[in-house]
2 protein chains.
Amino acid sequence: MRIRSLLLAGAVAAAPLAATPAFADEGMWTFDQFPADKMRADYGWAPDQKWLDRTRAAAVRLTGGCSASFVSDMGLILTNHHCIASCLQDLSTGENDLLAKGFRPGTREEELKCPGQQAEVVTSIADVTADVKAAIGTLTGADLVKARDARIAEIEKAGCTDLATTRCQVVTLYGGGQYKLYTYRKYSDVRVAWAPEDRAATFGGDPDNFNFPRFSLDASFLRAYENGKPVKPAAFLKWSPRAPQAGEATFVVGNPGSTSRLFTAAQLAFEREVALPVTLAINSELRGRFLRAMEESPERRREGQDELNGIENSLKVFIGRTKALNDPVFTGKLAAAETELKAKSAGNAAIGDPWAQVEGAMTARRKLYLANRFIRPNGSLYGWALTLVRGAAEKAKPNGERLPGYTDSALPLTEKRLLDARPVTPWVDELYMSWSLSKAREYLGADDADTRLLLGRESPEGLARRLVSGSKLADPAVRKALWEGGQAAIEASTDPMIVYARQLDARDRELTKANNAEVVAPLTSAAAKLSDARFAAYGAGVYPDATFTLRISYGKVAGWMERGKEVAPVTTLGGTYERATGAEPFDLAPAFAANEARVDKAVVYDFVTTNDIIGGNSGSPVLDKDGAVIGAAFDGNIHSLGGNYGYDPQLNRTVVVSAAAVQEAMRSIYPSPALMAELAGKKAKKTRK
Amino acid sequence: MRIRSLLLAGAVAAAPLAATPAFADEGMWTFDQFPADKMRADYGWAPDQKWLDRTRAAAVRLTGGCSASFVSDMGLILTNHHCIASCLQDLSTGENDLLAKGFRPGTREEELKCPGQQAEVVTSIADVTADVKAAIGTLTGADLVKARDARIAEIEKAGCTDLATTRCQVVTLYGGGQYKLYTYRKYSDVRVAWAPEDRAATFGGDPDNFNFPRFSLDASFLRAYENGKPVKPAAFLKWSPRAPQAGEATFVVGNPGSTSRLFTAAQLAFEREVALPVTLAINSELRGRFLRAMEESPERRREGQDELNGIENSLKVFIGRTKALNDPVFTGKLAAAETELKAKSAGNAAIGDPWAQVEGAMTARRKLYLANRFIRPNGSLYGWALTLVRGAAEKAKPNGERLPGYTDSALPLTEKRLLDARPVTPWVDELYMSWSLSKAREYLGADDADTRLLLGRESPEGLARRLVSGSKLADPAVRKALWEGGQAAIEASTDPMIVYARQLDARDRELTKANNAEVVAPLTSAAAKLSDARFAAYGAGVYPDATFTLRISYGKVAGWMERGKEVAPVTTLGGTYERATGAEPFDLAPAFAANEARVDKAVVYDFVTTNDIIGGNSGSPVLDKDGAVIGAAFDGNIHSLGGNYGYDPQLNRTVVVSAAAVQEAMRSIYPSPALMAELAGKKAKKTRK
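Rules used throughout
- In this convention, every chain numbers its residues from 1, walking through the sequence in written order.
- Chain letters start at A and ligand numbers start at 1, both assigned in the order the entries are written.
- Where totals are concerned, whole chains, interfaces and linings use all residues; where local detail is concerned, this predicted model gives features only for residues with pLDDT of at least 70, and gives and counts side-chain atom pairs only at 80 or more.
- Numbering of helices and strands starts at the N terminus; helices are DSSP runs of H or I of at least 4 residues and strands are runs of E of at least 2.
- Atoms considered for the radius of gyration are the C-alpha atoms alone. The globule rule reads 2.2 Å times the number of residues to the power 0.38.
- Counting other C-beta atoms within 10 Å of a residue's own tells you its class, since 20 or more makes it buried, 12 or fewer makes it exposed, and anything in between is partly exposed; those C-beta atoms are placed from the backbone.
- Residue pairs are scored as contacts if the distance between their C-beta atoms, which are placed from the backbone, is within 7 Å.
- It is the directions from the helix axis to the C-beta atoms that the arc portrays.
- To define a nonpolar core, we join buried Ala, Val, Leu, Ile, Met, Phe, Trp, Tyr and Cys residues through C-beta atoms within 7 Å and take the resulting set.
- Least-squares fitting of one copy onto the other uses the C-alpha atoms of those residues that reach a pLDDT of at least 70 in both copies.
- Each residue is assigned to one of three groups, with Ala, Val, Leu, Ile, Met, Phe, Trp, Tyr, Cys and Pro labelled nonpolar, Asp, Glu, Lys and Arg labelled charged, and all others, Gly among them, labelled polar.
- Note on pairing: two strands pair once DSSP finds at least 2 bridges between them.
- What counts as an axis is a line fitted to C-alpha atoms, over the stretch in contact for a helix, and the angles between N-to-C directions run from 0 to 180 degrees.
- Angles are sorted into four bins: roughly parallel if under 35 degrees, roughly antiparallel if over 145, roughly perpendicular if 65 to 115, and oblique for all others.
- It is the rotation of the near helix from the far one that decides the hand of a crossing: anticlockwise by less than a right angle makes it left-handed, clockwise makes it right-handed.
- Across the chain, each position has a pLDDT score giving the predictor's confidence in that residue, from 0 to 100.

S.K.: An account of the overall build of chain A is needed here, citing residue identities and associated values.
M.R.: Of the regular secondary structure elements, chain A holds 23 helices and 19 strands. Relative to its length of 689 residues, chain A is compact, with a C-alpha radius of gyration of 24 Å against a globular reference of 26 Å. Expressed as a percentage of the 689 residues in chain A, the buried residues total 56%. Pairs at least 24 apart in sequence give 81% of the contacts found in chain A among residues at least 6 apart.

Structural data, given as structure tokens:
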């Protein structure tokens, strides 16, 4: 059910590198390269520039890792429930469990701010490829990365002067084939306006996640504020709570987080042989630890639920990826594509053999992988401590010499994430830390120098307990004082988590540097050549791998064939009642049960489309030909899990909660007349452009 | 640290199928095919028949999954501590924790019986290949398996008439290339005679497990009894507590549980692509659940420790196997061996294409795997319930028509395991059951017919709680009454676990039948042909895959090169004190700490040899040229984990606790003068033959 952007703990930015032209409906296209001709050939119609511009202007990126869209002129934002679950969790207490009960404020004044959350709308995209490539020149190794990052920092700084309302970000496309400067209008005060009960969104739980048929109300509304007032967005989408029709064209507009479709064989081998088995094992263990901890008390169940959902969701993704890369038919297709690109590039001296370069980089990565993965213990408190320790050092440097995340353009969000008040649950932090330290020792070995640096003579459990119970960083005022106190405050701090981060930071930086020199740099220059090879072979019909930046995919409402049987493309609200067993996670949300007689069971609940999406697309508006919202994407089917590496038009499906179901829920289950009126544009003045 | 025989939950008996001749020191040889010429060529010496016969007669198999040896004429048995840890656990209470404290009875009368444990000594091996193959004839599918099993049941029944003291077992070698009747003298009353503190054996815990250098006193003594008196074995080994010498020849005599060295490419692909990823993920989760549950109270820590050790041990094995099968160099060698055997067999019409037959069988196995794996929920209570339900049905049938495990020759051990009093820890049973049911739902899918059969409308957690809390099967008297009551008692039972097993058994049998017909039968006939191919190509220089039957391996004391540095072949007792940090699991055993001043720190503690072993070899005596015991094998190094598929003479090592260290511990740490005298043959009359 969750296609929120997935960040592998300790994952190193991976450069995507090869490609063939897209299948029908395949592709997460950038707005400046929408394949209108291709769509027109398949569908007899394609959106024009005006349609695209209008849609783009209403599309929202949520910095928590999701997508969304403005749906009223009063700053109302549609997204998934699972995209705001951790916000609801942060705002909950044992007495007032907003996650379980949902949250429907009676008035706008009661809407609650989500800590750490920021909404962003792209306002322009500029090509800075020549600029960045010139800075790189013929550099290699650590120098290449340094020069590239410095130039990017300067471009971003020059692009956005008003950091309170804008954000500039240079995006690396095709792993280094293109660089584009994205400018965003940002809204850093985002509040919850409407959320159903958690069980309404998570009905079926992990068993139903990434499956279909689904019966999930995975939708919520946020509202963007500025200066204490609802934002009047430049554009918003029309709300269209109607039943989707089989075969009708659909668009998904959102921010797919990351894909690996341009990986060479050497990169895929690394994933299959090294990264995925480790990830599978350690994340499964983490899941087991959480599951059991949550059985200890109702309070722990409440406190751990959102974390567990995230863990189970990403684990299922990793299991799906493992399955895909262990399917000889699937990998055979990827290998054939690479063979074809090599053949087409043969004899092109300007391209040379970037595949060999990638192979060398992956050999280096195999050596550096475990240390890089485990040098940074998990847990909110350690994360903050590291930000504080690094921030103090980095802020003292010139902009172009800082680590990414600490440049002038990146600092405001880093600071917001650090300083926004967010509750820390000590047992959760301790569990994460103790788990990641014990996995470090397991994979690096008890006698490894990094293990010794991490543990000293302590046990993972003892160290985690000492640090979490002794640290005061859960208090945002303490973090603020350290952040503002700079290097002197950090050096003077005796907070055990700060002391610990100080102890690890040098080695962490050293590992990053080695990785930049031996992995990132060769991948970056190989990517530029592979990008050239690809464009030479296939023209512009190649989309870049996903980068958690705005993309558009087109497709249609359609089921698929599963073991000889057709899976219907829609479910209805009534299906929920048939599927419910009363036993978790197939127990009805209380309001669903209480209002059964009022519900129109024929209303379409969830539906599937052929749109090509991936984690990060969660909450993306699903639009019809008219550009109206008919749903919010929240999941993929089980086949979509291999979508990280390749799209299969026969099987990959996007799962959407229909606007019709949200509308019916607001009518009969969670009565919300004011919001319905706002969505219908009845009270709000229309400002749609 | 644990190389006890490993049983994959729900694993289907896998037929081993191809091979090349053995490397130096490679091979787990049957006693009737010891490669004396080969050893003589390498070592200038090899044991004669008398040496082999004497050794074989003193070698002990423990039905719990370990190996051992008689070391006195009063039935004293040397094995590993981890082989009796669950016995100590079963005999412990919160007030008297025998696992933590160890157990050193003051007199023989205080020695305590291990529930479910049986010691067995091979007395003869007879070739019954022609007999079994004649029964199979040209049959295929389910008929093949039925005829084979029926004939085996009859051979076993005819072979052993005194079931109280003997056990007959037909062993399938080379996956079906040979069948041999093993006759055992059995001892079903086995008691603990000496055990150190658990921490002395598990020092370094999971981090040090399957690593070297090791500092582990993984040794214990049992004593076999008959009619209430210590057994006078037909032979016993001389105890030689001397330091092993680098380069000296060593023999390991024991019962390696299972290897897959003769697997074809199709079988290896199934392991790598299907079985191992599932196993890795679900067992890691189980580990996480246990780890957390044990943090809940000291009592749970005590109750769960032995289970957790077993889970972590097998998980490490699976991780090692995954790594081996994802190492292109390693798998390249296996592929080359298969290519060579195919080339040597080309044109031999009698052999045909068994590889294709195996491939067909593995295609079927891929379809049946998950259902077979998950149809039998984990947990002691369910295991007993299924034995009771099946026993009632099977005992009513003629011997040749029963399921394996319920034939006349197999019933005594099945019955012993069912009826011996053994404590059940409800939370452990509930954890296992709830875990395996939830994994069944995850992998089969919520809508799968088998999931519905397993869960009905209950949740895994709710169902497990209801069954475990409602069942009376923890009481051995209840099990005995049901066992003796036969079909009528089972049908009348309202015990929820019995009711549940009755509900699942038909489908469980159906799945076994399908697996026999589509997987086991074709693998069996392919194995016979591959066995012919192998013998035609390489003569007798090929050993069968391990089958938890007696084998002998030869090798020598030797370290190895690790990343350019030599690993010394021995550690000393003093090293323990240097390695100790005070933090679990690197905390000294209390008696080690208390007696530090008395310990001779120069005594060799653990050592490594090139012997080729695998899980099941735990507790195997390590013999010198004279046939005297210089240690007990208890572990392999990290490289040995790929040993399931192939042996690398440069890297694979057996890890042994020295007799010298055990002797020193009995002198200075756990004073045991009577046992030392017995081992030295001072009080006991020598009867060595």
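S.K.: Before we move on, could you go through the environment of A:Glu299 and cite the residues and values that matter?
M.R.: Topologically, A:Glu299 is positioned in helix H10 (residues 298-325). Taking C-alpha positions, A:Glu299 is 10.0 Å from A:Glu95, a pair spaced 204 residues apart along the chain.

S.K.: Lay out helix H17 (residues 460-470) of chain A with the relevant residues and their values.
M.R.: Residues and elements named next belong to chain A. Within the sequence span of H17, burial applies to Pro-460, Leu-463, Ala-464, Leu-467 and Val-468. Buried residues of H17, seen end-on, are gathered within an arc of 115° and therefore sit on one face of the element. Of the surrounding secondary structure, the elements contacted by the buried residues of H17 are helix H13 (380-395), helix H15 (426-444), helix H16 (449-455) and helix H19 (496-538).

S.K.: Please provide a residue-by-residue account of the nonpolar core, values included.
M.R.: Ranked by size, the top nonpolar core spans 375 residues in total, and within it A:Ile77, A:Ala385, B:Ile77 and B:Ala385 carry the most contacts. Aside from chain neighbours lying at most four places away, what touches A:Ala385 is A:Leu473, A:Met497, A:Ile498, A:Tyr500 and A:Ala501.

S.K.: Which residues make up the relation of the copies chain A and chain B, and what values go with them?
M.R.: When chain A is fitted to chain B, the residual RMSD is 0.0 Å, and the transformation amounts to a turn of 180° plus an axial shift of 0.0 Å. On the angle and the small slide along the axis, the relation comes out as a two-fold axis. Interface residue correspondence from chain A to chain B reaches 100%, placing this contact among same-surface, isologous pairings.

S.K.: How would you explain the interface of chain A and chain B if you had to name every residue and give the values?
M.R.: Between chain A and chain B, the contact holds 31 residues from the first and 31 residues from the second. Secondary structure elements with two or more residues in the side of chain A that touches chain B: helix H8 (205-208), helix H9 (265-294), H10 and H15 of chain A. Among the elements that make up the side of chain A that touches chain B, the one with the highest residue count is H9(A) (14 residues). Of the residues contributing to the side of chain A that touches chain B, the split by class is ten nonpolar, eight polar and 13 charged.

S.K.: Describe the pairing of strand S5 (residues 119-127) of chain B, naming the residues involved and giving the relevant values.
M.R.: All names here are of chain B. One ladder, built from two bridges, connects strand S1 (residues 59-62) with S5; its direction is antiparallel. Looking across to S5, one finds that Leu-62 is bridged to Ala-119. In terms of strand pairing, S5 meets strand S7 (residues 178-187) through eight bridges, oriented antiparallel. Residue pairing in the sheet places Val-121 in a bridge with Arg-185 of S7.

S.K.: Summarise the packing of helix H9 (residues 265-294) of chain B against helix H12 (residues 354-374) of chain B; cite the residues concerned and give the values.
M.R.: All names here are of chain B. Running from N to C, H9 and H12 cross one another at 20°; their axes reach a closest spacing of 9 Å. Comparing the axis directions of H9 and H12 gives the class roughly parallel. Helix-helix and strand crossings are classified by hand; for H9 and H12 the assignment is right-handed. Across from Ala-266, Gln-267, Phe-270, Val-274 and Ala-275 in H9, the residues of H12 making contact are Val-358, Glu-359, Met-362, Arg-365, Arg-366 and Tyr-369. Looking at the contact of H9 with H12 residue by residue, the class counts come to seven nonpolar, one polar and three charged.

S.K.: I'd love a proper account of the environment of A:Ala396, names of residues and values included.
M.R.: All names here are of chain A. Here Ala-396 is to be found in the loop between H13 and helix H14 (411-419). For Ala-396, a count of 11 C-beta atoms within 10 Å puts it in the exposed group. For the pair Ala-396 and Gln-487, spaced 91 residues apart in sequence, the C-alpha separation works out to 8.3 Å.

S.K.: Help me get a handle on unusual backbone geometry, residues and values and all.
M.R.: A:Pro213 follows A:Phe212 through a cis peptide bond whose omega is 5°. Tracing the backbone through its elements, the reader meets A:Pro213 in the loop between H8 and strand S9 (220-226). With an omega dihedral of -5°, the bond running from A:Glu584 to A:Pro585 counts as a cis peptide bond. Here A:Pro585 lies in the loop between helix H20 (573-579) and helix H21 (590-594). Phi is positive for B:Asp25, close to 65°, though the residue is something other than glycine. Counting through the fold element by element, B:Asp25 comes out in the segment before helix H1 (36-43).

S.K.: I'd like a rundown of the sheet that holds strand S15 (residues 570-572) of chain A, residues and numbers included.
M.R.: All names here are of chain A. An order of S12-S11-S17-S18-S19-S16-S15 is seen for the seven strands of this open sheet, with the pairing classed as antiparallel. Sheet topology places strand S12 (551-556) and S15 at the edges, where each strand pairs with a single neighbour. Within this sheet the neighbouring strands show an average axis-to-axis angle of 30°, counted without direction. With two bridges connecting them, S15 and strand S16 (residues 604-609) associate as antiparallel partners. Bridging from a neighbouring strand, Val-570 pairs with Phe-607 of S16. Sitting on the sheet, helix H22 (residues 659-669) touches S16, strand S18 (629-636) and strand S19 (654-658), and the angle it makes with S19 is about 35°.

S.K.: Would you mind going over the environment of A:Ala392 in detail, with residue names and values included?
M.R.: All names here are of chain A. Here Ala-392 shows up in helix H13. Considering only alpha carbons, one finds Ala-392 and Ala-488, 96 residues apart in sequence, at a separation of 8.3 Å. When neighbours within four sequence positions are excluded, Ala-392 is seen to be in contact with Gly-486, Gln-487 and Ile-490.

S.K.: How would you sum up the pairing of strand S13 (residues 551-556) of chain B? Please name residues and give values.
M.R.: All names here are of chain B. Most of S13 is tucked away: five of the six residues are buried. Two strands pair when backbone bridges link them, and strand S12 (residues 249-254) and S13 are joined in this way by six bridges, in the antiparallel orientation. Counterpart to Thr-250 in the pairing with S13 is Gly-555.

S.K.: How would you explain the confidence of the model for chain A if you had to name every residue and give the values?
M.R.: A low pLDDT means the predicted coordinates there should not be read in detail. All names here are of chain A. Confidence in the prediction for chain A averages 94 pLDDT; 96% of positions are at 70 or higher. Ignoring residues within four places in sequence, the model shows residues 6-19, a span with pLDDT below 50, making 48 contacts including any to other chains. Low pLDDT (under 50) marks residues 684-689, which in the prediction has 14 contacts with non-local residues, meaning those over four places away or in another chain. Interface confidence for the predicted complex, expressed as ipTM, amounts to 0.95; the pTM equals 0.95.

S.K.: Before we move on, can you summarise helix H5 (residues 129-136) of chain B with the specific residues and values?
M.R.: Residues and elements named next belong to chain B. Taken together, the buried positions of H5 are occupied by Val-132, Ala-135 and Ile-136. All buried residues of H5 lie within an arc of 105° about the axis, which places them on one face of the element. Residues of H5 that are exposed and point over 90 degrees away from its buried face: Ala-130 and Ala-134. Along its buried surface, H5 packs onto helix H6 (141-159) and S7. The first or second residue beyond H5 is Gly-137, which carries a positive phi of 55°.

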